[in-house]
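Descriptive structure summary
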Number of protein chains: 2
Amino acid sequence: MDQKESVPTVPRRRAQGLGRERILEACLNLATGTTPDALSFRKIGKELGADPTALYRHFADKDELLLALADKVISMGMIGYVPAPDWEESLRDLMLRIRSSFLQYPQVATLAALRVTGQGGELQFVEAMLSALALAGFSRHEAALVFRACGDFMLAWTGFSAGLLLLGQKSEQDDAAWVSSYDQVAEHDFPLAVTSVREMAAVQDEENYQFALELLLGGIAARLQH
Amino acid sequence: MDQKESVPTVPRRRAQGLGRERILEACLNLATGTTPDALSFRKIGKELGADPTALYRHFADKDELLLALADKVISMGMIGYVPAPDWEESLRDLMLRIRSSFLQYPQVATLAALRVTGQGGELQFVEAMLSALALAGFSRHEAALVFRACGDFMLAWTGFSAGLLLLGQKSEQDDAAWVSSYDQVAEHDFPLAVTSVREMAAVQDEENYQFALELLLGGIAARLQH
DNA sequence: ACCTGAACACCGTTCAAGT
DNA sequence: ACCTGAACACCGTTCAAGT
C-alpha cells in the first residue's frame, strides 16, 4: 500500500524492458514457419525492436537461449497430457505429442533436438515416460534403457523431420531426383530399387514416423514376453 | 605415339589441376575428426592449396559437393557387404555398417543425413535392403514401407549421433547438467526421474542405437507373424 | 579452360561507450 | 542497470579480372 508497492500489477508494467519471457515469446513467433536462420540474434533483435546484442544481457549465449526455448516447447507439448490405462497408449501419446510440439517450431527442433534442457518440461516428460514403463512391468534398469531408446528415437527423428521442413522445396527436389535418377539405371543391375522407387518416394515423413513408432512399440511389447 | 599422345599415362599427370576426385579426397580428410565447420570452402581451399572459390569450377554449389561426398561415404560403407542367409542379420548388418561409415565423417553425416544422393552407393544400399526384406517374405508394398522406416531410422539417428560428436564436450556437459539439475529437484514431485537419472545418463549413444535397432527389428519380426 | 581476389550479405560474439 | 553500435573473425556465393 505504500509508494513502492502502489504500482498496480497490470501486465503492461515495464513493457519496454526486454526480460527473458518477452524474448522467448518473440523467438517462438519467429520460429513458427520454415525459414532457415529465423533465430539469428539480428532477426530476434529486429522483432523486439532492440539491438541484437541486448540479448546478451539476459542470456549468456545462444546456447542458453536455445535450451530455454526447447524446454518451453516441451512444456507446451505436455499440456493436457493424461496417462492412459494402457502403458503402450501412454508411450505412443508422449512420443507423438512432444514431436508435434517441436515441429511447430522447426528451428528450435533442429537446434535443440540433441540437447538436454534439464528443466521443468523435460522433467515432466521423463517422469511420464518412466511411469508408463513402470506400469508395463519393466525393472528400473530396463526402464532406463527403454526410455533412452524411445526418447532418442523421438528426438533424433524429430530433428530429422524439422530439418526436412527447413530444407523446404530442396527436399521435394531430392525426392523427384530420387525417382528420375533410378529411372535411368539399368533395371538388370538393381531390379528391386528401380521397381520400388516410386512407392518408396511416395511415403510421407509423418506416416513413416508413425509406422516406425509402431514397429518400435511392437518390439518393446515383444521384449516383455521374454 | 605422336606428339599429342606421347605423354605417359602415369598417375601424376595434371597433378596440380583440381578435379572432382581430388576435391572429394581432400574433403574426406578434413571431415575425419569432430571439428564443426571443417568443411567450409575456405578450409577446403586451404587444404588443396587453391583459392576457395576455385571449387565452383567443379561443383555447382556446396549442395552438389555434399551429395557427392555422402554417396562416396555410403559406397565405402558397402565395401565387403555380403548378404547373410538370415534376412534379419542382413538388415542389422546394413543398418550398422552405413551408420558407422557416416560416423567416420561426422561433418558429412550431419549435413547429408536428410538428403537423397540418387547415386551409386545409395543404390547398392537400397537394393541390398529391399533384397533382405523380400527374403523375409514382405510384399513389394510392405517392403517399401519397412525400408523407409528402417532407412530413415538409421539416417535420422546417425545424423543425431554425428551432431553429438560435433558438439563434443558440450554434449558431455549436458549429461553432467542432466544429473546435477535433477538432483536439485524435489524427489516427491518426480520420483522416477530423480531416481533413474544417473542410470539414464550413463547410457552411451552407440549401445543405445544398437538397443533401439534390436527393438525395431523385433517389431518387424513380430509384424511378419500377422 | 581454369584460377584469383575483392566484394556482398550474412553469422555469433566482444567491448567500449552511452544513458 | 540496461542498451547501443562498431568491430572481429567467420560463413556461402558472385563476378570481373587475370593467365
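Criteria and thresholds
Residues numbered from 1 in each chain as written. Chains lettered and ligands numbered in written order. Predicted model: local features only at pLDDT ≥ 70, side-chain atom pairs only at ≥ 80, totals over all residues. Heavy atoms only, no water. Helix = DSSP H or I, 4+ residues; strand = E, 2+ residues; numbered from the N terminus. Buried < 20%, exposed > 50% of the residue type's maximum accessible area, 1.4 Å probe, protein only. Contact = heavy atoms within 4.5 Å. Least-squares fit on C-alpha atoms with pLDDT ≥ 70 in both. Domains from an automatic or database assignment. Buried area = accessible area lost by both parts, 1.4 Å probe. Salt bridge = Lys/Arg side-chain N within 4 Å of Asp/Glu carboxyl O. Polar contact = N/O pair within 3.5 Å; in protein donor to acceptor, adjacent residues only side chain to side chain. Nonpolar A, V, L, I, M, F, W, Y, C, P; charged D, E, K, R; others polar. Near = heavy atom within 4 Å. Disulfide = S-S within 2.5 Å. Axes fitted to C-alpha atoms, helices over the stretch in contact; angles between N-to-C directions. Parallel < 35°, antiparallel > 145°, perpendicular 65-115°, else oblique. Left-handed = near helix turned anticlockwise from the far one by under 90°. Expected span 1.5 Å × (residues − 1).

Here we look at the environment of Leu133(B)
All names here are of chain B. Considering the arrangement of structural elements, one finds Leu 133 in helix H6 (residues 120-136). Of the residues examined, Leu 133 reaches a relative accessible area of 0% and is grouped as buried. For the pair formed by Leu 133 and Ser 40, sequence separation is 93 residues and the distance between their alpha carbons is 39 Å. Here Leu 133 is in contact with Leu 91, Phe 138, Ala 143, Val 146 and Phe 147, once residues within four sequence places are set aside.

Re the side chain of Ser196(B)
Topologically, Ser196(B) is positioned in helix H9 (residues 191-202). Apart from the residues within four sequence positions on either side, Ser196(B) is in contact with Leu130(A) and Arg140(A).

Quick notes on the relation of the copies chain B and chain A
Note on the copies: chain B fits chain A at an RMSD of 0.0 Å, the axial shift is 0.0 Å, and the rotation between them is 180 degrees. Those values place the two copies in the arrangement expected of a two-fold rotation axis. Using C-alpha coordinates, one finds that chain B approaches the rotation axis most closely at Gly219(B), a distance of 2.0 Å. A shared interface surface links the copies, since 100% of the contact residues of chain B are contact residues in chain A too.

What to know about the domain arrangement of chain A
Residue and element names in this part refer to chain A. For chain A, the assigned domains are domain 1 (1-60) and domain 2 (83-224). Distance from the C-alpha centre of domain 1 to the C-alpha centre of domain 2: 33 Å. Taken together, the contact between domain 1 and domain 2 spans ten residues of the former and seven residues of the latter. Roughly 650 Å² of surface becomes buried between domain 1 and domain 2 when both sides are summed, with 69% attributable to carbon and sulfur atoms. Counting across the interface, domain 1 meets domain 2 through zero salt bridges. Linking domain 1 to domain 2 there are one residue pair in polar contact (both at pLDDT 80 or more). Within the side of domain 1 that touches domain 2, the residues separate by chemical class into five nonpolar, four polar and one charged.

A look at the interface of chain B and chain A
Between chain B and chain A, the residue contacts involve 56 residues of the former and 56 residues of the latter. With both sides pooled, the region where chain B packs onto chain A buries about 5,600 Å², and carbon together with sulfur makes up 71% of that total. Put simply, chain B and chain A have six salt bridges between them. In this structure, Asp174(A) and Arg115(B) form a salt bridge, with 2.6 Å as the shortest nitrogen-oxygen distance. Viewed at the interface, chain A and chain B are joined by 26 residue pairs in polar contact (both at pLDDT 80 or more). At the level of elements, H6, helix H7 (140-167), helix H8 (169-183), H9 and helix H10 (205-224) of chain B are the ones that each hand at least two residues to the side of chain B that touches chain A. Tallying contributions element by element places H7(B) first for the side of chain B that touches chain A, with 17 residues. Of the residues assigned to the side of chain B that touches chain A, the class counts are 33 nonpolar, eleven polar and twelve charged.

With respect to the protein's contact with DNA strand D
Near DNA strand D, the surroundings consist of 16 residues, among which Asp51(A), Thr53(A), Arg42(B), Tyr56(B) and Lys62(B) are the closest. At the protein interface, 48% of the atoms of DNA strand D within 4 Å belong to sugar or phosphate. Between DNA strand D and Phe41(B), the relevant distance is 3.1 Å, taken from a phosphate oxygen to a main-chain nitrogen or oxygen of the residue. Sort the elements by how many residues they give to the surface near DNA strand D and helix H2 (residues 41-48) of chain B lands first, with three residues. Across the surface near DNA strand D, the residue classes tally to six nonpolar, four polar and six charged.

Digging into the state of the cysteines
Scanning all chains against the criterion turns up zero disulfides over all chains. Looking at the unpaired Cys150(A), the closest cysteine sulfur is the one in Cys150(B), lying at 16 Å.

Details of the protein's contact with DNA strand C
Taken together, 16 residues sit near DNA strand C, with Arg42(A), Thr53(A), Lys62(A), Asp51(B) and Thr53(B) positioned nearest. The contact atoms of DNA strand C, taken as those within 4 Å of the protein, divide so that sugar and phosphate hold 49%. A distance of 3.0 Å separates a phosphate oxygen of DNA strand C from a polar atom in the backbone of Phe41(A). Within the side chain of Thr53(B), one N or O atom sits 2.9 Å away from a base oxygen of DNA strand C. With three residues, the top contributor of residues to the surface near DNA strand C is helix H2 (residues 41-48) of chain A. A per-class count over the surface near DNA strand C returns six nonpolar, four polar and six charged.

Description of the packing of helix H7 (residues 140-167) of chain A against H9(B)
At a closest axis distance of 9 Å, the pairing of H7(A) and H9(B) adopts a crossing angle of 60 degrees. Judged by the angle between their axes, H7(A) and H9(B) are oblique. In the crossing of H7(A) with H9(B), the sense of the turn from one axis to the other is right-handed. Contacts from Arg140(A), His141(A), Ala144(A), Phe147(A) and Arg148(A) in H7(A) reach Thr195(B), Ser196(B), Glu199(B), Met200(B) and Ala201(B) in H9(B). Partitioning the contact of H7(A) with H9(B) into residue classes produces four nonpolar, three polar and three charged.

Re helix H6 (residues 120-136) of chain A
For H6(A), built from 17 residues, the straight-helix expectation of 24 Å at 1.5 Å per residue is met to within 8% by its first-to-last C-alpha distance of 25 Å. H6(A) sits mainly inside the fold: twelve of its 17 residues count as buried. Listing the buried residues of H6(A) in full gives Gly121(A), Glu122(A), Leu123(A), Phe125(A), Val126(A), Glu127(A), Ala128(A), Met129(A), Leu130(A), Ala132(A), Leu133(A) and Ala136(A). Where H6(A) is buried, its residues contact helix H3 (62-78), helix H4 (87-103), H7 and helix H10 (205-224) of chain A together with H8 and H9 of chain B. At the exit of H6(A) stands Gly137(A), carrying a positive phi of roughly 105 degrees.

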